[in-house]
Every structure is written in structure tokens, then in C-alpha cells.
Amino acid sequence: MLKLSVGSESIDQLIDWQQHRSKQRRDGQYYHVTRMFPKRVDELLDGGSMYWVIQGVILARQRILGFDDLRGEDGIRRCAILLSDEVIRTEATPKRPFQGWRYLQPQDAPADLGSATQGESDLPPKLMAALAEIGVR
């Protein structure tokens, strides 16, 4: 599953938001809220991940742990996507803007680079994408 990380400029900012500033936590577990429930839940729960697009580049993923029905004060049904705390860096892969989330076919998923840790310096996403395009990773 692909999702834009709106407002994030780096993987470290994504991690900081999820662990320290977001109120979207239940029993210590971060969840991402989206309006639409995926139809392919079984596939996503069978090893699926949320791939994060940061400034136009896929840079990281988190394993999807589950989906919960969530209703706000407005009574509107939403989907809470429960995510692993581990953020795994991926090869930088350019991605055009889109709204909401999109399914990502396994063969199109970028390869993992390793675990993200806070404090590691990131190259700017656009530079990472440019390096990936010319074969320098």
C-alpha cells in the first residue's frame, strides 16, 4: 500500500511524528487514519506494508498489523491502519503525487535498505531519487 507522508521532509520526521507528536495511538500502537477501507485486507495482512512517499519519493515502509473501524465525533466511519513501530528504509523510488492511498504490487515495491534510526542523516529525497535513477544507491 502506498501513502503520501504529507508534511514530512525526511524519514526521521515521519518517525518523530508517529512516536512523539501524533495522538493517533492506541495501547501504545500508532495507527494511520484514512477515509476508505481497503478491499484487499487479507492480502495486506499477509506480509503487506505501508510504503511512505516523502517529497515525491518512496523512502520507507512499515508493516501493516491490522485494520480497525474508527468513528469520529462526526459519526463518519474511517479506517485505522495499525502499523509496526519499525520503519524500514527502502531504495529511493520516485512517485508522482496522488490522493489517498494506492495498492502497490509486490513486484513494484522498492527493495529494503535496512532499519531507520533517529539521528541518521538523510539525503534530501529528491537527491536520493536522482541518484537512484542513475544507478547510484
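Residues numbered from 1 in each chain as written. Predicted model: local features only at pLDDT ≥ 70, side-chain atom pairs only at ≥ 80, totals over all residues. Heavy atoms only, no water.

If you had to explain the packing of aromatic side chains to someone new, which residues and values would you point to?
Under the counting rule described, the total for this entry stands at one aromatic pair. Ring geometry for W101 and Y103: centres 5.0 Å apart, planes at 80°, overall edge-to-face. Here R26 stacks its cationic end above the ring of Y31, 5.2 Å away from the centre of that ring. (Phe/Tyr/Trp six-rings, centres within 6.5 Å; stacked < 30°, edge-to-face > 60°. Lys NZ or Arg CZ within 6 Å of the ring centre and 35° of its normal.)

Tell me what's going on with the nonpolar core, and back it up with residues and numbers.
Core analysis: the biggest nonpolar cluster contains twelve residues, these being M1, L14, Y30, L44, M50, W52, I64, F67, C79, I81, L83 and W101. Going through the elements one at a time, β4 (49–54), β5 (57–71) and β6 (77–83) are the ones with two or more residues in this core. For this core, the leading source of residues is β6, giving three residues. For I64, the contacting residues outside a window of four places in its chain are M1, L44, L45, G48, S49, M50, I81, L82 and L83. (Core = buried A, V, L, I, M, F, W, Y, C linked by side-chain atoms within 4.5 Å. Buried < 20%, exposed > 50% of the residue type's maximum accessible area, 1.4 Å probe, protein only. Helix = DSSP H or I, 4+ residues; strand = E, 2+ residues; numbered from the N terminus. Contact = heavy atoms within 4.5 Å.)

Any details on the pairing of β5? Residues and values, ideally.
Of the pairings in the sheet, the one linking β4 to β5 comprises six bridges and is antiparallel in character. Residue pairing across strands places S49 opposite R63, the latter belonging to β5. In the sheet, β5 pairs with strand β7 (residues 88–94) via four bridges, with the strands oriented antiparallel. Looking across to β7, one finds that I58 is bridged to T93. As defined by bridge partners, β5 adjoins β6 across seven bridges and the pair is classed as antiparallel. In the sheet register, D68 faces β6, and the bridge partner there is A80. Hairpin remark: β5 followed by β6, antiparallel, with five residues in the connecting loop; positive phi at G75, about 80°. (Pairing = 2+ DSSP bridges.)

Please set out the side chain of S8 residue by residue, giving values where relevant.
In this fold, S8 is placed in the loop between β1 (2–4) and α1 (11–21). The exposure class assigned to S8 is buried, which follows from its relative accessible area of 9%. At 2.6 Å, the side chain of S8 forms a polar contact with the side chain of S5. Non-local contacts of S8, meaning those with residues more than four positions away in its chain, are made with Q13, L14, I54 and Q55. (Polar contact = N/O pair within 3.5 Å; in protein donor to acceptor, adjacent residues only side chain to side chain.)

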